[in-house]
Amino acid sequence: MDRRITNLIITGFSGTGKSLVAMEVALRLNWDFIDTDDEIVKQTGKPIAEVFRHDGEDKFRELERETIRKACQQRQTVIAIGGGAIVDPQNYELLAKTGLIVCLEAKPETIYERLFREAASNPDREVRPLLAVDNPLERIRQLKASRQPHYAKADWTIHTDGLSVSEVAEEVIRASRLLRRTDSSQLSAFSDKDITCLVETTTQSYPVFVGYGLLDKLGEKTKKTASSGTATIISDDNVFSLYGSKVEGILKDAGFAVNSFVVPPGEETKNMGYAIKIYDFLVEHRTERGDIIIALGGGMVGDLAGFVAATFLRGMPWIQVPTSLVAMVDASIGGKVGVNHPEGKNLIGAFYQPNLVLADCQTLTTLPQRELTSGWAEVIKHGMILDEEFVQFLESNVNRLTKLEPELLARAIARSAAIKAQVVGQDEKEREGKRTILNYGHTIAHGLEAATRYKQFLHGEAVAIGMVGAAKLSQRLGLLSSAAVERQQALLQKFGLPTSLRAKRSNLKLSLAGVTGAMELDKKVKEKAIRWVLLQDIGKAVIRSDVPQQDVLAVLQELAEP
Ligand SMILES: NC(=O)c1ccc[n+]([C@@H]2O[C@H](COP(=O)([O-])OP(=O)(O)OC[C@H]3O[C@@H](n4cnc5c(N)ncnc54)[C@H](O)[C@@H]3O)[C@@H](O)[C@H]2O)c1
Ligand SMILES: [Zn+2]
């Protein structure tokens, strides 16, 4: 059976701390939290014991089933369920399908002690039915024994005796990471040898497939992650006119009903207005939460479609089918989705991981040359920050790669995507600073892009110049040899990328003050010094916040008049 680890379910006997632990786990993962007992109390306006007494256990179980059914429609939610809920086969099946089940265990003595303590500290609260018997400890033993076979079906069990709530929460998170690796829904459906790399975040794991001619496999892969229903393709005119009918056919052959929404190409389309148009389309076509969205296109389409997927019905499954080099090695990996605001790029968005990424390198044969060249900048960047061997591979194969030789092209893209996946996995939401190294070359690039109002450079071109600047800065600070600076420059040039502002400057009317101004702005936003990503060596990035302004100015000057 297809299992989707979209939720974490905490079960176990009363007194094992389910609710508190689930709350703590939710807090740490930044997920939502539901306690099904609390939901029932809210709904009925009565304590659980009273529901039992007045309406009977059958009524309670019915309410519980309904609450669980609703909870299972959530994503990224930690669900604490009542101690008896898992006994019901219908509940179990549903829960197992939508999440990892973690059972909290404790010895009957521990449970008795905890329940007793809880009752003593809440004298106003009604005594738990479990304690309201002649020999509570014996009752706990019996009931617990009768439920044990059901608790044993959990994916993981944690013995909580002697552990604090935060220690148990820590264990739950550790278990979910471990299990995700071996038993992850998104993954178990796919055989390992197909998978190019995994993106493993705290919230989810999903596979990335890279290959030449891989589009043909989209139907079968989609089927493994979304069992049926409707697939909505979101694409732009350029890409859809080339690949739309093929992708529609592949999905229909796999048994999906297919709707397509095509937007105009270009960054101007990545806005709230188009997101709303897509919402309208989805509403009109009665799209449901279990249906799937397919983002077919470059990074613009991926960001826009992903944003819609993240927000429509509070989140729908989606698949990235990147068709530009930038999208394959960068934008499709890491779950950053969003749209632009008139005041700034990507100001509105979310972190929302796709179910899988499928990159068919053959689609690059139709990508305009300048877009392709620009994409190589991010590929080279990945090598420069983390992988000297990959840099060597790129150096030895420039000609064959720029000619899009299938096997080598797939290898380069796979490696580059894997580097991005590795970084993202360590710092999904950009909280721990590890994702910062992906900004190599980007500080100057953003300055150049902003100073030219995003009209003169493609992003990768600005990044290439920015990388030259960052390498020169690294050299000035005594971190990097001049040979390494030249080595990087030569590689960028071989891929046809610009390495200085000289060629552009006259018709650019680019003022260095404009560039530093834009970078300064960056600095104010963060209220601290610019965090520069520099190189210590090829394949070894470091982050420095102590770069003197005069060195930056000197480097910009050099870029303008090399
Ligand atoms: N989410 C992230 O982490 C992330 C990372 C990097 C960039 N981005 C975003 O990605 C966007 C840039 O991506 P992009 O460079 O792919 O831009 P893009 O999506 O605008 O594509 C560039 C152009 O190439 C065309 N195109 C794409 N694939 C084609 C193909 N196979 N054949 C013919 N034409 C094709 C598109 O129609 C477009 O005209 C920006 O919006 C940027 O903010 C996001
Ligand atoms: Zn970039």
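Residues numbered from 1 in each chain as written. Chains lettered and ligands numbered in written order. Predicted model: local features only at pLDDT ≥ 70, side-chain atom pairs only at ≥ 80, totals over all residues. Heavy atoms only, no water.

Peer 1: Is there a simple way to explain the nonpolar core in this structure?
Peer 2: Core analysis: the biggest nonpolar cluster contains 81 residues, and Trp376 and Leu394 have the highest contact counts within it. Looking at this core element by element, the count peaks at 12 residues for helix 17 (residues 406–426). In contact with leucine 394, other than residues within four places in its own chain, are Val379, Ile380, Leu401, Ala412, Leu491 and Phe495. (Core = buried A, V, L, I, M, F, W, Y, C linked by side-chain atoms within 4.5 Å. Buried < 20%, exposed > 50% of the residue type's maximum accessible area, 1.4 Å probe, protein only. Helix = DSSP H or I, 4+ residues; strand = E, 2+ residues; numbered from the N terminus. Contact = heavy atoms within 4.5 Å.)

Peer 1: So what exactly am I meant to see when it comes to the coordination of the zinc ion (ligand 2) here?
Peer 2: The textbook angles at a metal center are 109.5 degrees for a tetrahedron of four donors and 90 or 180 degrees for an octahedron of six. The zinc ion (ligand 2) binds to the protein through Glu378 (OE), His442 (NE2) and His459 (NE2), with metal-donor distances spanning 2.0 to 2.1 Å. When the donor residues of the zinc ion (ligand 2) are listed from N- to C-terminus, their spacing reads E-x63-H-x16-H. Of this pair, glutamate 378 sits in helix 14 (residues 369–386) while histidine 459 sits in helix 19 (residues 459–476); the two residues are 81 residues apart in sequence, bridging distant segments of the chain. (Donors = N, O, S within 2.8 Å, 3.2 Å for Na, K, Ca; no water.)

Peer 1: Please clarify how the site of ligand 1 should be interpreted in this entry.
Peer 2: Near ligand 1 there are 25 residues, and of these Asp236, Glu267, Gly299, Ser324 and Thr366 occur at the shortest range. A distance of 2.5 Å is found between an oxygen atom of ligand 1 and a side-chain nitrogen or oxygen belonging to serine 324. Between ligand 1 and lysine 336, the relevant distance is 2.9 Å, taken from a nitrogen atom to a main-chain nitrogen or oxygen of the residue. Alone, ligand 1 offers 850 Å² of accessible surface; in the complex the protein occludes 86% of this. If you list the elements that add at least two residues to the shell around ligand 1, you get helix 10 (237–253), helix 12 (299–311) and helix 13 (325–331). For the shell around ligand 1, the element with the highest residue contribution is helix 10, accounting for four residues. Among the residues forming the shell around ligand 1, the class breakdown is nine nonpolar, eight polar and eight charged. (Near = heavy atom within 4 Å. Polar contact = N/O pair within 3.5 Å; in protein donor to acceptor, adjacent residues only side chain to side chain. Areas by Shrake-Rupley, 256 points an atom, 1.4 Å probe, with all protein chains shown as cover. Nonpolar A, V, L, I, M, F, W, Y, C, P; charged D, E, K, R; others polar.)

Peer 1: Mind showing me how you'd approach the packing of helix 2 (residues 36–44) against helix 3 (residues 48–71) here?
Peer 2: When two helices pack together, their arrangement is given by the angle between their axes and by how far apart the axes lie. Axis separation between helix 2 and helix 3 bottoms out at 10 Å; the angle between their running directions is 115°. Crossing of helix 2 against helix 3: the hand is right-handed. For the pair formed by helix 2 and helix 3, the contact residues are Thr36, Asp37, Glu39, Ile40, Val41, Gln43 and Thr44 on the first element and Ile48, Val51, Phe60, Leu63, Glu64, Thr67 and Ile68 on the second. Of the residues that constitute the contact of helix 2 with helix 3, the class distribution is seven nonpolar, four polar and three charged. (Axes fitted to C-alpha atoms, helices over the stretch in contact; angles between N-to-C directions. Left-handed = near helix turned anticlockwise from the far one by under 90°.)

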